[in-house]
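Secondary and tertiary structure notes
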Amino acid sequence: MGCKNFNNCSNLYPTNLNLPHAAFDNCPMGATGATGPAGPTGPTGPTGATGPTGATGPAGASGISSTAFFTAPSVTNAEPTLIIENSFPEGETDITLAEGNGVNLAQGVYLIRFGSTVTSTNGTPPTISILVNNLVESGTIRTGVAFGSASLTGDALITVPTQSVLSLNVTTAPELTYDENFLIISKIG
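So, here is what we can say about the structure in this document. (Residues numbered from 1 in each chain as written. Predicted model: local features only at pLDDT ≥ 70, side-chain atom pairs only at ≥ 80, totals over all residues. Heavy atoms only, no water.)

Considerations on the overall build of the protein chain
Rules: A run of DSSP states H or I qualifies as a helix once it reaches four residues; a run of E qualifies as a strand once it reaches two. Both are numbered from the N-terminal end. In what follows, residue pairs with any heavy atoms lying within 4.5 Å of each other are defined as contacts. Per-residue and other accessible areas follow the Shrake-Rupley method at a 1.4 Å probe size, with only the shown protein chains counted as cover for residues.
Within the protein chain, the regular secondary structure consists of zero helices and 12 strands. In sequence order, the protein chain lays out its α and β elements as β-β-β-β-β-β-β-β-β-β-β-β. A sequence separation of at least 24 residues applies to 70% of the contacts in the protein chain between residues at least 6 apart. Accessible area for the protein chain stands at about 12,600 Å²; split by element, carbon and sulfur atoms hold 56% of it.

Printed below as a string of C-alpha cells:
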C-alpha cells in the first residue's frame, strides 16, 4: 500500500486521535530496560556513645596455695635425705617434711619438679623417680648413663586423693653418687 499522492494519503494515518482510554488498555507492555549500575556507598555515620562499664568481678584465687623447696646433700649408695630449704606461706601445713626422704602431702593437686646430678663409675645406670605411698608415679622415671655423669630432672602433675607421703626414689649401688638433689612441690588445687 503505497501513497504516491501526498495529498491523498489520509488512509495511512488514524483519523481520530482522540480515542477513548479503553481502546489502549489491552496493548502489550514494552520490555523493561536493564538496571543501571549502583552508585557509590555513602560515608559511614558517626559512632554511637560507649555504654557504661560493667561491674568488676571478684578477685581470683592464687594459682599456688603453698609451695616448698627441698634439697639433699650428696650421697653414694643410699637414698638422698631431704632438707627443707624454704616454704610458702610461712607455717603452711599442706607440704611438710617427713622422715628420711619423705614429704607429707595433704589432699590436693600438686606440681612437682625434681632432679639430681648422678655419676656412675662402674656400669650401673642410675635412675630417679617420684613415689607416692611407695608406688612409682607413672612417667617420673629418669635414667642416666652407665659410665659418667648426667643431670636427671623431671616434672609431674600429681593428684593426691588422701593424706600421702611423697619421696624421691633412686637406684642404689656402690658406684652411684647422687649430687645437687632437689625437689620442688607446689600445691595448685
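Read on, since the account is not over.
A short note on the pairing of strand S7 (residues 127-132)
Formally: Whether a residue is buried, partly exposed or exposed follows from its accessible area with a 1.4 Å probe, protein chains only, as a fraction of its type maximum: under 20%, in between, or over 50%, in that order. By this definition, two strands are paired if DSSP reports at least two bridges between them.
In terms of burial, S7 is a largely internal element, five of the six residues being buried. Here S7 pairs with strand S9 (residues 142-143) via two bridges, running antiparallel. Within the sheet, the bridge partner assigned to isoleucine 128 lies in S9 and is arginine 142. Pairing between S7 and strand S11 (residues 164-170): five bridges, direction antiparallel. When the bridges of S11 are listed, valine 132 appears paired with leucine 166. Relative to strand S8 (residues 135-136), S7 is paired through two bridges, and the arrangement is antiparallel. Residue leucine 131 lies in a different strand from S8, and its bridge partner there is valine 136.

Focus on the nonpolar core
Heads up, the rule is: Only buried residues count toward a nonpolar core. Its members are Ala, Val, Leu, Ile, Met, Phe, Trp, Tyr and Cys residues joined through side-chain atoms within 4.5 Å.
Formed by 29 residues in total, the largest nonpolar core has its most connected members in Ile112, Leu166, Leu183 and Ile185. Of all the elements in the fold, those that place two or more residues in this core are strand S1 (66-72), strand S5 (102-105), strand S6 (108-120), S7, strand S10 (148-160), S11 and strand S12 (176-187). Looking at which element gives the most residues to this core, the answer is S10, with five residues. Residues in contact with leucine 166, not counting those within four places in the same chain, are Asn101, Gly102, Val103, Leu105, Ile112, Ile130, Leu131, Val132, Ile158, Leu183 and Ile185.

A closer look at unusual backbone geometry
A cis amide bond links phenylalanine 88 to the next residue, proline 89, at an omega of -10 degrees. At asparagine 77, a position not held by glycine, the phi torsion is positive, near 55 degrees. By the element assignment, asparagine 77 lies in the loop between strand S2 (75-76) and strand S3 (83-88). Phi is positive for asparagine 133, close to 55 degrees, though the residue is something other than glycine. On the accessibility criterion, asparagine 133 (42% relative accessible area) is partly exposed.

A few points about the pattern of salt bridges
Pairs can form between side chains of opposite charge whenever their charged atoms are close. Rules: Salt bridges are defined by distance alone: a side-chain nitrogen of Lys or Arg within 4 Å of a carboxyl oxygen of Asp or Glu.
Counted by the stated rule, this structure contains two salt bridges. A salt bridge links aspartate 94 to lysine 187; the shortest N-O distance between them is 3.3 Å. A residue pair is termed long-range when its members are at least 10 positions apart, and aspartate 94 in the loop between S3 and strand S4 (95-97) and lysine 187 in strand S12 qualify at 93 residues. Exposure remark for lysine 187: the relative accessible area of 10% places this residue in the buried category. Two residues, arginine 113 and aspartate 155, come together in a salt bridge whose shortest N-O distance is 3.0 Å. Here arginine 113, found in strand S6, pairs with aspartate 155, found in strand S10; they are 42 residues apart in sequence, far enough to count as distant. On the basis of relative accessible area, aspartate 155 is assigned to the partly exposed category, the value being 45%.

A word on the side chain of glutamate 92
Under the convention used in this document: Note on charges: Lys and Arg go in the positive column, Asp and Glu in the negative column, and His and the chain ends are not counted at all. The definition of a polar contact used here is a pair of N or O atoms within 3.5 Å, where within protein one atom must be able to donate a hydrogen and the other to accept one, and adjacent residues in sequence count solely through side-chain atom pairs.
Position of glutamate 92 relative to the elements: it lies in the loop between S3 and S4. One buried charged residue, glutamate 92, remains without a salt bridge, the closest side chain of opposite sign being lysine 187 at 7.7 Å. A polar contact is formed between the side chain of glutamate 92 and the backbone nitrogen of aspartate 94, at a distance of 2.8 Å. The contact partners of glutamate 92, leaving out residues within four places of it in the chain, are Ser66, Thr67 and Ser87.

Brief notes about the side chain of serine 164
For serine 164, the location among the structural elements is in strand S11. Judged by its relative accessible area of 4%, serine 164 falls in the buried class. Among the polar contacts made by the side chain of serine 164, one reaches the main-chain carbonyl oxygen of threonine 162 at a distance of 2.8 Å. For serine 164, the contacting residues outside a window of four places in its chain are Val103, Asn104, Leu105, Val132 and Asn133.

Treat this as a map of the structure, not an account of what it does.
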